[in-house]
Amino acid sequence: MTRRGRVKPDAGDEEVTGTPAIPVARRAAWMTAAATITLWALVITGAVGGVAGWVVRPNGAGAAPAVVRSATGPAGWAQAFVAAFLTAGEGQEERLRMFFPAVPSLAGVTAGARAAGQVTVLRAGEVAAGYWTVTVAVDELARGVDGGLVPDGVACYRVSLVARGDAAAGGTGQQGDPVGYSATRMPDRVACPPALDDAPALAYASAVDPDDPVGDVVRRFLAALLTGAGDVRRYTSPTATIRPINPVPYTGVETVEMRRETVPGLDVARPAEGQRLAVLATVRVASATAIQLLSYPLRLVARADRWEVAALPGAPPLDDDALPAVPAASPPAVSPSPLPSLPPSPSPSPSPAAVTGAGAGEEPRPYPSITVQESPYVTRPF
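Below is a summary of the structure that appears in this document. (Residues numbered from 1 in each chain as written. Predicted model: local features only at pLDDT ≥ 70, side-chain atom pairs only at ≥ 80, totals over all residues. Heavy atoms only, no water.)

1. Re the overall build of the chain
The helix and strand tally for the chain stands at six helices and 11 strands. Across the 382 residues that make up the chain, the buried fraction comes to 31%. For the chain, long-range pairs separated by at least 24 residues make up 59% of all intrachain contacts whose partners lie at least 6 apart in sequence. With the model as given, the accessible surface of the chain reaches about 24,600 Å², and the carbon-plus-sulfur share is 58%. (Helix = DSSP H or I, 4+ residues; strand = E, 2+ residues; numbered from the N terminus. Buried < 20%, exposed > 50% of the residue type's maximum accessible area, 1.4 Å probe, protein only. Contact = heavy atoms within 4.5 Å. Areas by Shrake-Rupley, 256 points an atom, 1.4 Å probe, with all protein chains shown as cover.)

Spelled out as structure tokens, the structure:
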């Protein structure tokens, strides 16, 4: 006889009934919800961080500008030092003390035997921050047998000096700081840069007939420019910015030679509209007291079947192979150690003789001063 009642399920039926699987499903749901919340938290955090970074990002307005020390002051000081140095002699140490406080004795040095004509800065560079070395070229004058000063060629000298104060004057200080200079030794004479073995070739391979349309307009233009014979604007293009020289410097001009660049298919008599041409004119000019030789590079342009002068370029075009290859730029060297401090010294006001380079008993004579700035050559200006 069979007993009635609930039949106890087998152990394997637990999975079928699903009763023990309910906690598992709840655990999976909780994990999915937690992962979703975490993901959104990360997204919101990233967004907030991005907005905060955009709001507080540096715009560079408050950054301190890079300090750029100017070589103008050290270069000019070196020029004046060399000019005074050339004329100073025995018993005149005080004339150099304003440039070099520790000037040695000048016993036995001849005073006034030499003087500086034109003084030109060839190079000015920093050895360390505020410590400069300057090389100058001097058109020297020597005392002749009659006691007068005569030209004696070009000599080059090198000066080392410390600049203190405003960086705009070559020092290491802030804007407006007091400026001072001090040489660290007497000048030394060095070799001047040599001239190039061969002059760079210009891009003027063809001769110009003075009577053809190109030669004619060049002759008339230079006569108007240099002697006032006619209006310069008559021979220039509407866009040219060439101004006449006023007052006119010469009384006559004569063509010595004219050359132009070679342009394939160029018709000089009937040029194409807008055709450009580079010309070099060498002329002899006369004034009331002298005759000189000048050389003018010109740019011509064709308009309405006639040639007009468009510009007077400062550098005439060179042949394609006239310039050497430019090496890659190297990073600037950094000085490993600062300069020692210099002892303070008085800086008396310069006497006229100390600056002009005049000898004892002579009238002070000013000397011209030119700072050379290199400009890149333009191979083809058109």
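2. A look at the state of the cysteines
Working definition of a disulfide: a covalent bond connecting the sulfur atoms of two cysteines. Scanning the model with the defined rule gives one disulfide in all. In this model, Cys156 is linked to Cys192 through a disulfide, with the two sulfur atoms separated by 2.0 Å. Given an S-S torsion of about 115°, the disulfide between Cys156 and Cys192 has right-handed geometry. With Cys156 in strand E3 (residues 149–164) and Cys192 in the loop between strand E5 (188–190) and strand E6 (206–207), the pair connects residues that are 36 residues apart, well separated along the chain. Residue Cys192 is classed as partly exposed on the basis of its relative accessible area, which comes to 30%. (Disulfide = S-S within 2.5 Å.)

3. Considerations on the side chain of Thr236
Tracing the backbone shows Thr236 in the loop between helix H5 (213–227) and strand E7 (252–260). Reaching out from Thr236, the side chain makes a polar contact with the backbone oxygen of Arg233 at a distance of 3.5 Å. Ignoring anything within four residues of it in the chain, the contact list for Thr236 reads Phe221, Ile242, Glu308 and Val309. (Polar contact = N/O pair within 3.5 Å; in protein donor to acceptor, adjacent residues only side chain to side chain.)

4. Let's talk about the sheet that holds strand E8 (residues 276–286)
Ordered in space as E6-E7-E8-E9-E10, the five strands form an open sheet in which the pairing is antiparallel. Whereas interior strands pair on both sides, the edge strands pair on one side only; in this sheet they are E6 and strand E10 (306–311). (Pairing = 2+ DSSP bridges.)

5. Observations regarding the pairing of strand E9 (residues 291–303)
Pairing of E8 with E9, which is carried by 11 bridges, proceeds in the antiparallel orientation. By the bridge assignment for E9, Arg276 is matched with Val301. Between E8 and E9, which follow one another and run antiparallel, lie four residues. With antiparallel pairing between neighbouring strands as the criterion, E9 and E10 make up a hairpin whose turn holds two residues, including Ala304 at a positive phi of roughly 55°.

6. A word on helix H3 (residues 72–87)
Compared with the 22 Å implied by 1.5 Å per residue over 16 residues, the 24 Å span of H3 between its first and last C-alpha is a close match. The set of residues buried in H3 consists of Pro74, Ala75, Ala78, Gln79, Ala80, Phe81, Val82, Ala83, Ala84, Leu86 and Thr87. (Expected span 1.5 Å × (residues − 1).)

7. Regarding the packing of aromatic side chains
Inspection of the entire model under this criterion finds four aromatic pairs. On the basis of an interplanar angle of 55° and a centroid distance of 5.1 Å, the ring pair of Trp77 and Phe99 is categorised as tilted. Separated by 22 residues along the polypeptide, Trp77 in helix H3 and Phe99 in the loop between helix H4 (93–97) and strand E1 (114–128) bring together distant segments of the chain. Of the residues examined, Phe99 reaches a relative accessible area of 1% and is grouped as buried. Look at Phe85 and Tyr157: their rings are 5.8 Å apart centre to centre, the planes differ by 70°, and that puts the pair in the edge-to-face class. With Phe85 in helix H3 and Tyr157 in strand E3, the pair connects residues that are 72 residues apart, well separated along the chain. An aromatic cluster is defined as three or more aromatic residues linked by ring pairs; in this entry it consists of Trp77, Phe81, Phe99 and Tyr181. (Phe/Tyr/Trp six-rings, centres within 6.5 Å; stacked < 30°, edge-to-face > 60°.)

8. Digging into the environment of Leu106
Looking at the element boundaries, Leu106 is found in the loop between H4 and E1. You can call Leu106 buried: its relative accessible area is 6%.

9. Considering the pattern of salt bridges
For the coordinates displayed, the defined rule picks out 13 salt bridges. In this structure, the salt-bridge partner of Arg69 is Glu126, at a minimum N-O distance of 2.6 Å. Within this pair, whereas Arg69 is found in the loop between helix H2 (22–55) and H3, its partner Glu126 is found in strand E1, the two being separated by 57 residues in sequence. Glu254 is the salt-bridge partner of Arg284, the closest N and O atoms lying 3.1 Å from each other. One end of the pair, Arg284, is in strand E8; the other, Glu254, is in strand E7, and 30 residues separate them in sequence. Assessed through its relative accessible area of 34%, Arg284 is described here as partly exposed. A network of salt bridges, in which partner residues are shared, links Arg114, Glu140 and Asp152. (Salt bridge = Lys/Arg side-chain N within 4 Å of Asp/Glu carboxyl O.)

10. Some points on the nonpolar core
Grouped together as the largest cluster of nonpolar side chains are 30 residues, with contacts concentrated most on Phe81, Val82, Leu96, Val136, Val138 and Tyr157. No other element matches H3, which puts eight residues into this core. Among residues more than four places away in sequence, those in contact with Val82 are Val136, Val138, Tyr157 and Val159. (Core = buried A, V, L, I, M, F, W, Y, C linked by side-chain atoms within 4.5 Å.)

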